[in-house]
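# Structural overview for review
Each chain is listed here by its residues.
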Amino acid sequence: MGVRVLYEVLEGAAEQRLREPAFTFLDSSLRPSVYTYGELFHRAAELAARLESAGIDDTAPLGILVRSQKEQTLHYLAALHAGLLPAILTPPNRKLNQAYYAETMAAVLERCDFSALVTDLDLGELATPTFRPFTFERVGRTAERRRERRSPAERPNASFLQFSSGTTGIKRGVLVSDEAVLSQLETYSSALGLSSEDVILSWLPLYHDMGFIACLNLPLAYGVHTVVIDPIEWVTDPSIFLRAASKYAATLAWNPNFAFAFMAQRTRESALEGVDLSRFRGLVNCSEPVTFESQRQFSERFSGYGLRGDVFWGCYAMAETTFALTHGTPDDLDYVDELGPADDTSVRGRVQVSVGRPLAGVTLSVRSAEGVELPERRIGELWVKAPFTF
């Protein structure tokens, strides 16, 4: 496939809904900043023209390190429009250890060999060519290393660079091809029954594959309105998620497992006056081991606010496979399993919750360390074959 393939797909979806809301970015008081599809892609085109004039090498990734999700979204789309390979990087926040952040970010920049970095942060002298957001003014040239510009033929067949979670070490960049991302969006949207009538609600960071795919690229590809909460605002006051869900009649949201118990435990009753959660048709539990207890706490706490009993959906996902590999609902056979694995492990006897069945085209196999396929109810390594593997 050629340059700008993903952008053209997203732009084509936008052209069908130019006056409809694409993103609503909320502050801590639920005050909105709304972009229609027309406004969003017009602004992205303006920024892309400036990016193109900056002469950035399109054969290596462009790092996007800006603080707000609104700015991340605009610069991501601008980079796609300009035929570049965007990568949204983790911005600092008050919850992060700053020394650790600086160390890991320096390692990421070195490992991924970015062509340039767009940032609103003062990072000192960097070896990577650095530009300010929106204006793309060049800054901090003195420490830049000289890198050979590759030929156009050496441009990777990729739409963007995204990152593994980093739970086992420094985050690793994953170049995702046009074929892989388009296949993922089509397959997963079909499993979800996604339509332009849905409203997605998200507090998820866009530098993580769950937020990046499920709450940025997926809704853009299918003309869905997405309501966005800043992650730190959510951590500070988790009731903002519930109040926003009620105000905007949200139908879908993705959360890591801990978030359900966190919201159940940390939300004040006084913050729930008038809240209605009845429009939710799917709350996807993903990116962490799913526990029955976390879902039970959320369900019991908020069932009196219209929350459906069948609202929890399962998903197993990896950045290395673009995102989702499975999808499941409580209607699935053995959605809740009280037996667990046959192996003598610590999870034996605990209630297990299914993360669903493989998506169309996905083959999953549980194998031993020697690569031998294991029988049912055994713990082992997960082998994956999918059309959206990097």
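Whatever comes next refers back to the structure up there.
Report on the accompanying structure. (Residues numbered from 1 in each chain as written. Predicted model: local features only at pLDDT ≥ 70, side-chain atom pairs only at ≥ 80, totals over all residues. Heavy atoms only, no water.)

## Brief notes about the overall build of the chain
Helix and strand counts for the chain come out as 10 helices and 20 strands. Relative to the compact-globule value of 21 Å for 390 residues, the chain shows a C-alpha radius of gyration of 21 Å, a close match. Judged by the C-alpha coordinates and their principal axes, the chain covers about 60 × 55 × 45 Å. Burial status across the chain gives 51% buried among its 390 residues. (Helix = DSSP H or I, 4+ residues; strand = E, 2+ residues; numbered from the N terminus. Rg over C-alpha atoms; globule rule 2.2 N^0.38 Å. Buried < 20%, exposed > 50% of the residue type's maximum accessible area, 1.4 Å probe, protein only.)

## Here we look at the pairing of strand β10 (residues 199–202)
Side-chain alternation along β10 places Val199 and Leu201 on one buried face and Ile200 and Ser202 on a second face that is also buried. Here four bridges tie β10 to strand β11 (residues 225–229), and the two strands are oriented parallel to one another. Looking at the pairing, Val199 lines up with His225 of β11. For the crossover from β10 across helix α6 (residues 209–221) to β11, the handedness is right-handed. (Pairing = 2+ DSSP bridges. Right-handed = clockwise from strand over helix to strand, strands pointing away.)

## Let's talk about the packing of aromatic side chains
Considering all chains together, one arrives at 18 aromatic pairs under this definition. Seen from their ring centres, Trp203 and Phe258 are 6.4 Å apart, and the 75° between their planes marks the pair as edge-to-face. Taken as a pair, Trp203 in the loop between β10 and α6 and Phe258 in helix α9 (residues 257–266) lie far apart in primary sequence, 55 residues in all. With a centroid separation of 6.0 Å and 70° between ring planes, the pair formed by Trp234 and Phe258 is classed as edge-to-face. Separated by 24 residues along the polypeptide, Trp234 in helix α7 (residues 231–236) and Phe258 in helix α9 bring together distant segments of the chain. Under the relative-accessibility criterion, Phe258 is labelled partly exposed at 37%. (Phe/Tyr/Trp six-rings, centres within 6.5 Å; stacked < 30°, edge-to-face > 60°.)

## Quick look at the packing of helix α2 (residues 37–53) against helix α3 (residues 69–81)
Viewed as axis vectors pointing N to C, α2 and α3 meet at an angle of 60°, and their least axial separation amounts to 8 Å. With respect to α3, the element α2 is oriented oblique. Here α2 runs over α3; the crossing is right-handed. On the side of α2, the interface is formed by Leu40, Phe41, Arg43, Ala44, Ala45, Leu47, Ala48, Leu51 and Glu52, while α3 contributes Thr73, Leu74, Leu77, Ala78, Ala79 and His81. Looking at side-chain class alone, the contact of α2 with α3 contains 11 nonpolar, two polar and two charged residues. (Axes fitted to C-alpha atoms, helices over the stretch in contact; angles between N-to-C directions. Parallel < 35°, antiparallel > 145°, perpendicular 65-115°, else oblique. Left-handed = near helix turned anticlockwise from the far one by under 90°. Contact = heavy atoms within 4.5 Å. Nonpolar A, V, L, I, M, F, W, Y, C, P; charged D, E, K, R; others polar.)

## Things to note about the packing of helix α5 (residues 178–192) against α6
For the pair α5 and α6, interaxial distance at closest approach is 10 Å and the crossing angle is 90°. Considering the angle they form, α5 stands roughly perpendicular to α6. Facing Gln184, Leu185, Tyr188, Ser189 and Leu192 of α5, the residues of α6 in contact are Ile213, Asn217, Leu218 and Ala221.

## Quick word on α9
Most of α9 sits out of view: seven of its 10 residues are buried. Listed in full, the buried residues belonging to α9 are Asn257, Ala259, Phe260, Ala261, Phe262, Met263 and Ala264. Contacts from the buried residues of α9 go to α7, α8 (239–248), β12 (252–255), β13 (282–285), α10 (292–302) and β14 (312–314).

## Considerations on the sheet that holds strand β1 (residues 21–26)
Two strands in a sheet stick together by hydrogen bonds in their backbones, pointing the same way (parallel) or opposite ways (antiparallel). The seven strands are arranged β2-β1-β11-β10-β12-β13-β14 in an open sheet whose pairing can be described as mixed. Edge positions in the sheet fall to β2 (32–36) and β14, since each of these pairs with one other strand and no more. Taking the axes of each pair of neighbouring strands and ignoring which way they run, one obtains an average angle of 20° across the sheet. Where α6 meets the sheet, it contacts β1, β10, β11 and β12, and its direction lies at approximately 160° from that of β12.

## Some thoughts on the pattern of salt bridges
Taken as a whole, this structure holds 12 salt bridges when the rule is applied. Arg43 is paired through a salt bridge with Glu46; the nearest N and O atoms lie 3.2 Å apart. Placement of the pair is Arg43 and Glu46 together in helix α2, with a separation of three residues, close to one helical turn. The class for Arg43 is partly exposed, based on a relative accessible area of 22%. One salt bridge in this structure joins Glu293 and Arg296, with 2.4 Å as the shortest N-O distance. Residue Glu293 and its partner Arg296 are located together in helix α10, separated by three residues, close to a single helical turn. With a relative accessible area of 28%, Arg296 lands in the partly exposed category. (Salt bridge = Lys/Arg side-chain N within 4 Å of Asp/Glu carboxyl O.)

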